[in-house]
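Structure at a glance
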Amino acid sequence: MNNQWLSIVGLATRARKTITGEELVIKEVRAGKAKLVLLANDASANTTKKLQDKCTYYNVPIRTVDDRYELGRAIGKDARVSVAILDDGFAKKLLTMLD
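Presented here is an overview of the structure given in this document. Source: prediction; values computed, not measured. (Residues numbered from 1 in each chain as written. Predicted model: local features only at pLDDT ≥ 70, side-chain atom pairs only at ≥ 80, totals over all residues. Heavy atoms only, no water.)

The next subject is the pairing of strand β4 (residues 82–85). Burial along β4 is two-sided: the residues Ser82 and Ala84 and Val83 and Ile85 are all buried. In this sheet, β4 lies alongside strand β1 (residues 18–20) in antiparallel orientation, the contact comprising 3 bridges. Of the residues in β4, the one forming a bridge with Thr20 is Val83. Sheet topology places strand β2 (residues 36–40) next to β4; 4 bridges connect them, and they run antiparallel. Paired with Val37 across the two strands is Ala84, which belongs to β4. (Buried < 20%, exposed > 50% of the residue type's maximum accessible area, 1.4 Å probe, protein only. Helix = DSSP H or I, 4+ residues; strand = E, 2+ residues; numbered from the N terminus. Pairing = 2+ DSSP bridges.)

This part takes up the packing of helix α1 (residues 5–14) against helix α5 (residues 88–98). Interaxial distance between α1 and α5 falls to 10 Å at its minimum, and their mutual angle equals 165 degrees. Taken together, the axis directions place α1 and α5 in an arrangement best described as roughly antiparallel. In this structure, α1 meets α5 at a crossing whose hand is left-handed. Between α1 and α5, the residues in contact are Trp5, Ile8, Val9, Leu11 and Ala12 and Phe90, Lys93, Leu94, Met97 and Leu98, respectively. Class assignment of the residues belonging to the contact of α1 with α5 gives a composition of 9 nonpolar, no polar and 1 charged. (Axes fitted to C-alpha atoms, helices over the stretch in contact; angles between N-to-C directions. Parallel < 35°, antiparallel > 145°, perpendicular 65-115°, else oblique. Left-handed = near helix turned anticlockwise from the far one by under 90°. Contact = heavy atoms within 4.5 Å. Nonpolar A, V, L, I, M, F, W, Y, C, P; charged D, E, K, R; others polar.)

Here's what the structure looks like:
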């Protein structure tokens, strides 16, 4: 997978346009603020199903990335299973890179 998306997620984080953590991501999806959800490929089956169901119901795109360590490194933190992008511009750019 092309890793240029990592720098875009990093930029979004520095612009304070990301939220991490399963419950916070679900809260943002429900509120209609999340424009894209990134989910680690090694997330638990329960977490994966919960996030995919919420994103489908609220019509938020969800994309799977390699693993939790790569996702965490992209935002400058420890391992992260899910990250929500809260900005349209960052979300659209990431969708073109991840599709």
